[in-house]
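# An overview of the molecular structure
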Amino acid sequence: MKHKIVGKQKNSKLCFVCGMKNDLGLKAHFYATEGQELIALFKPCEEHQSYPGRLHGGVASAVLDETIGRAILNKYDTEVWGVTIELNVKFKKPIPLNEELKVVGRITKENNRIFEGTGEIYLQNGETAATAYGKYFKVPLERIADFDPEENEWKIIEKEDDPDEIEI
Ligand SMILES: CCCCC/C=C\C/C=C\C/C=C\C/C=C\CCCC(=O)SCCNC(=O)CCNC(=O)[C@H](O)C(C)(C)COP(=O)(O)OP(=O)(O)OC[C@H]1O[C@@H](n2cnc3c(N)ncnc32)[C@H](O)[C@@H]1OP(=O)(O)O
């Protein structure tokens, strides 16, 4: 299925998943789809392994967590932020290193203080390697941390190969 991309989300400086200056991190890029889903693209490397050649389950969980947690940002013009209060992950296939992976997340339920969502990691052959359910508590940004957007380099990073559509 082809997903039309309608926008790109911001990256940060040091977040493990989206920090562009975190040399040990995943440097994932996040694309909003026409269908109000969010797709993360990332390529894990040797430092992200558990058993040799296999992505660590905790790292897979981290990217699923952030993709679901960021999907809420697609829904509103003003930024709504959440902290994870529950994450359930099912690991269905070994996830290889050194190849681009696609992660899809979406919001499935929301009230004034909690939102919930689901997500999946897809292998290059289209197989679903992991699935997740996450629950998040809405917290104003100033209660999460003392964020300075400039210091945290919270901005859209445009790449030459940013896709117009993503096939999964
Ligand atoms: C502009 C600059 C931006 C720079 C950005 C830089 C980096 C960007 C990075 C990411 C990009 C954006 C988005 C990513 C989104 C997600 C990705 C990952 C997010 C995380 O990686 S985030 C770390 C892990 N996460 C935590 O660090 C949470 C720790 N936690 C707490 O901070 C507190 O727990 C809190 C605040 C949740 C509540 O605390 P509180 O003091 O406000 O309220 P209280 O304790 O009274 O709880 C109120 C009611 O929630 C119920 N409740 C509490 N915990 C529950 C649980 N686990 N399950 C079920 N119910 C729960 C209570 O039972 C009570 O329910 P009731 O009212 O019915 O009694």
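Basis of the calculations
Residues numbered from 1 in each chain as written. Predicted model: local features only at pLDDT ≥ 70, side-chain atom pairs only at ≥ 80, totals over all residues. Heavy atoms only, no water. UniProt positions renumbered as here; feature names shortened; annotations may be inferred. Salt bridge = Lys/Arg side-chain N within 4 Å of Asp/Glu carboxyl O. Helix = DSSP H or I, 4+ residues; strand = E, 2+ residues; numbered from the N terminus. Buried < 20%, exposed > 50% of the residue type's maximum accessible area, 1.4 Å probe, protein only. Pairing = 2+ DSSP bridges. Axes fitted to C-alpha atoms, helices over the stretch in contact; angles between N-to-C directions. Contact = heavy atoms within 4.5 Å.

Within an unreviewed UniProt entry, the label attached to the chain reads Acyl-coenzyme A thioesterase THEM4, and the organism entered is Melioribacter roseus. Under the Sequence similarities (unreviewed entry) heading, UniProt states for the chain: "Belongs to the THEM4/THEM5 thioesterase family."

A word on the pattern of salt bridges. One side chain can pair with another of opposite charge once the charged atoms of both are near each other. Tallied over the entire structure, the rule returns 11 salt bridges. The partner of Lys21 in a salt bridge is Glu153, and the shortest N-O contact between them spans 3.1 Å. Placement of Lys21 in the loop between strand E1 (2-8) and strand E2 (29-33) and of Glu153 in the loop between helix H2 (141-144) and strand E8 (165-167) is noted, with a sequence separation of 132 residues between them. A salt bridge links Lys138 to Glu110, with the shortest nitrogen-to-oxygen separation between them at 2.7 Å. Within this pair, whereas Lys138 is found in strand E7 (residues 128-138), its partner Glu110 is found in strand E5 (residues 101-110), the two being separated by 28 residues in sequence. We classify Glu110 as partly exposed; its relative accessible area is 26%.

Right, let's get into the sheet that holds E5. Across the sheet, which stays open at both edges, the eight strands sit in the order E4-E7-E6-E5-E3-E2-E1-E8 with antiparallel pairing between neighbours. At either margin of the open sheet sits one strand with a lone partner, and together these are strand E4 (82-91) and E8. Between one strand axis and the next, the sheet turns by 30° as a mean value, whatever way the strands run. Relative to E7, E4 runs antiparallel, the two sharing nine bridges. Its bridge partner being in E7, Thr84 is matched across the sheet by Tyr136. Helix H1 (residues 57-71) rests against E2, strand E3 (38-42), E4, E5, strand E6 (114-122) and E7 of the sheet, and its axis sits at about 50° to E5.

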